Amino acid sequence: MQVLVTGGAGYIGSQVIKQLNQQGYETIAYDNLSYGYRESVRWGEFIEGDLADTDKLERVFHEHNICVVMHFAAFISAGESVIDPIKYYQNNVINTLNLIHTMLRCNVNKLIFSSTAAVYGEPKTIPIDENHPLCPINPYGVGKYLVEKTLPVFDKTHGLKCISFRYFNAAGADADGELGEMHDPETHLIPLIFDAVSGKTKDVSIFGDDYNTPDGTCIRDYIHISDLAQAHILGLTRLLNHAESDIFNLGNGAGYSVKEVIDAIKKVTGAEFSVEVAARRAGDTSKLISSSDKAKEILGWKPQYPELEKIVETVWNWKKKAKQIS
Ligand code: UFG
């Protein structure tokens, strides 16, 4: 059973590859290394390639026995997408259609798609379940929404079966301390706070403290990377056995404000660093908190890291093990 993992050298893809291999699947990572790290792909095969290169992609399908694709290769910064929307539509929409077109030409009709909580936009009700209206407020969310909308069409015309996961905020490092979150440039809150812990940067900026939330800073629902990966494997099993398309939220159902995340990291690490309030970042929603009851009920998903502090501890352990911090 071979699984093609696009974006397999990235933060989420590499963790999913690790857990797939541990659970007996063969993986082929396909990644252009624009953001991923070759050294993160420590299990299975690695092919350097771009989704725009459909000839290469088609050869990969012909030369392997791939029966399902997990598609992680995408740009992920909602804030950047506001400044450079074409970059996001080009990669996250057009390249996804390239992938689907190539899969269908090669008679592969099973897909696990990385969607996002950003498809919901500013929530009308909390917690957000899968039936919440979709009203994305940034091009990143719009791109993922557009792809989601094409999937039932390909199901009808070509029998494409797809499980889409709408991620809330992926965070943490794997428990063995082998893989963790690194982006270049870094834009994500938790890694940026750890940059201040290590002294790499001198302070942390809070992007806005005038939101309609109890402490005025944005609230997010953080989900541990291993829990996220495990949900994908459960989704894969369901797709292989049951073969029906579906959509699941993945989050912990608990919201933490930016200030609470900073406090949790100070508590776990014992570090002190300065914090300044800066302007709001364009494209940010005030609050995203999931209901992931559907994934728990239908997939039997049981998150192992429901608490933020435990998630933060895994990052701290990974940083210490990798000697990125002393
Ligand atoms: N933030 C700061 N200071 C920083 C960095 C971030 O205050 O230096 C704030 C942001 O404004 C936001 C929160 O911290 O309110 C979280 O920001 P991140 O950049 O870490 O993550 P996002 O919520 O913007 O986006 C992430 C993923 C998306 C995904 C989304 C789903 O990057 O791909 O979670 O909730 F869609």
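Use the structure listed above.
Just so you know, these numbers come straight off a predicted model, no measurement behind them. (Residues numbered from 1 in each chain as written. Predicted model: local features only at pLDDT ≥ 70, side-chain atom pairs only at ≥ 80, totals over all residues. Heavy atoms only, no water.)

(A) How the structure looks around the pairing of strand β5 (residues 110-116). Most of β5 is tucked away: seven of the seven residues are buried. A two-sided burial pattern is seen for β5, the buried positions comprising Lys110, Ile112, Ser114 and Thr116 on one face and Leu111, Phe113 and Ser115 on the other. Across three bridges, the pairing between strand β4 (residues 66-71) and β5 is parallel. What sits directly across from His71, in β5, is Phe113. For β5 and strand β6 (residues 161-167), the ladder comprises seven bridges, and the chain directions are parallel. Pairing of Thr116 across the sheet is with Tyr167, part of β6. Handedness of the β-α-β unit built from β5, helix α5 (residues 139-158) and β6 comes out right-handed. (Buried < 20%, exposed > 50% of the residue type's maximum accessible area, 1.4 Å probe, protein only. Helix = DSSP H or I, 4+ residues; strand = E, 2+ residues; numbered from the N terminus. Pairing = 2+ DSSP bridges. Right-handed = clockwise from strand over helix to strand, strands pointing away.)

(B) Representation of the sheet that holds strand β2 (residues 26-31). Judged by pairing direction, the sheet is parallel, and its seven strands sit side by side in the order β3-β2-β1-β4-β5-β6-β11 without closing on themselves. The open sheet has two edge strands with one neighbour each: β3 (45-48) and β11 (246-250). For this sheet, the mean angle separating the axes of adjacent strands, direction not counted, is 20°. In this sheet, β3 lies alongside β2 in parallel orientation, the contact comprising four bridges. When the bridges of β3 are listed, Ile28 appears paired with Glu45. (Axes fitted to C-alpha atoms, helices over the stretch in contact; angles between N-to-C directions.)

(C) Seen up close, the pattern of salt bridges. Applying the stated rule across the entire model yields 15 salt bridges. Lys18 is paired through a salt bridge with Asp174; the nearest N and O atoms lie 2.3 Å apart. Separated by 156 residues along the polypeptide, Lys18 in helix α1 (residues 11-22) and Asp174 in the loop between β7 (169-171) and α6 (189-198) bring together distant segments of the chain. The residues Lys18 and Asp174 share a single accessibility class, namely buried. Between Asp246 and Lys294 there is a salt bridge, with the nearest N and O atoms lying 2.6 Å from each other. Placement of Asp246 in strand β11 and of Lys294 in helix α9 (residues 293-299) is noted, with a sequence separation of 48 residues between them. A relative accessible area of 23% places Lys294 in the partly exposed class. (Salt bridge = Lys/Arg side-chain N within 4 Å of Asp/Glu carboxyl O.)

(D) Fine view of the site of the ligand. In the neighbourhood of the ligand, 22 residues make up the surrounding shell, with Thr116, Asn169, His188, Ser205 and Asp284 lying closest. Thr187 places a polar main-chain atom, nitrogen or oxygen, 3.4 Å from an oxygen atom of the ligand. Taking 690 Å² as the accessible area of the ligand by itself, protein coverage stands at 93%. Mapped by element, the contributors of at least two residues to the shell around the ligand are α6 and β8 (203-207). With three residues, β8 is the single largest residue contributor to the shell around the ligand. Looking at the shell around the ligand residue by residue, the classes come out as 14 nonpolar, five polar and three charged. (Near = heavy atom within 4 Å. Polar contact = N/O pair within 3.5 Å; in protein donor to acceptor, adjacent residues only side chain to side chain. Areas by Shrake-Rupley, 256 points an atom, 1.4 Å probe, with all protein chains shown as cover. Nonpolar A, V, L, I, M, F, W, Y, C, P; charged D, E, K, R; others polar.)

(E) Quick look at the packing of aromatic side chains. Within the structure shown, the criterion is met by six aromatic pairs. Ring centres 6.2 Å apart and planes at 85° place the aromatic pair Tyr88 and Tyr140 in the edge-to-face group. Highlighted residues: Tyr88 in helix α4 (residues 85-105) and Tyr140 in helix α5, separated in sequence by 52 residues. Exposure class is identical for Tyr88 and Tyr140. Each is buried. Through pairs of rings, three or more aromatic residues link up here, namely Tyr35, Phe75, Tyr88 and Tyr140. (Phe/Tyr/Trp six-rings, centres within 6.5 Å; stacked < 30°, edge-to-face > 60°.)

(F) Just the nonpolar core, in detail. Ile12, Leu20, Phe165 and Leu250 are the most contacted members of the largest nonpolar core, which totals 35 residues. In terms of residue count, helix α7 (residues 225-241) provides more of this core than any other element does, seven residues in total. Ignoring sequence-local partners within four residues, the contact set of Leu20 consists of Val3, Val5, Tyr25, Thr27, Met70, Ile233 and Leu236. Membership of the second largest hydrophobic core comes to 27 residues, among which are Phe194, Val204, Leu308 and Ile311. (Core = buried A, V, L, I, M, F, W, Y, C linked by side-chain atoms within 4.5 Å. Contact = heavy atoms within 4.5 Å.)

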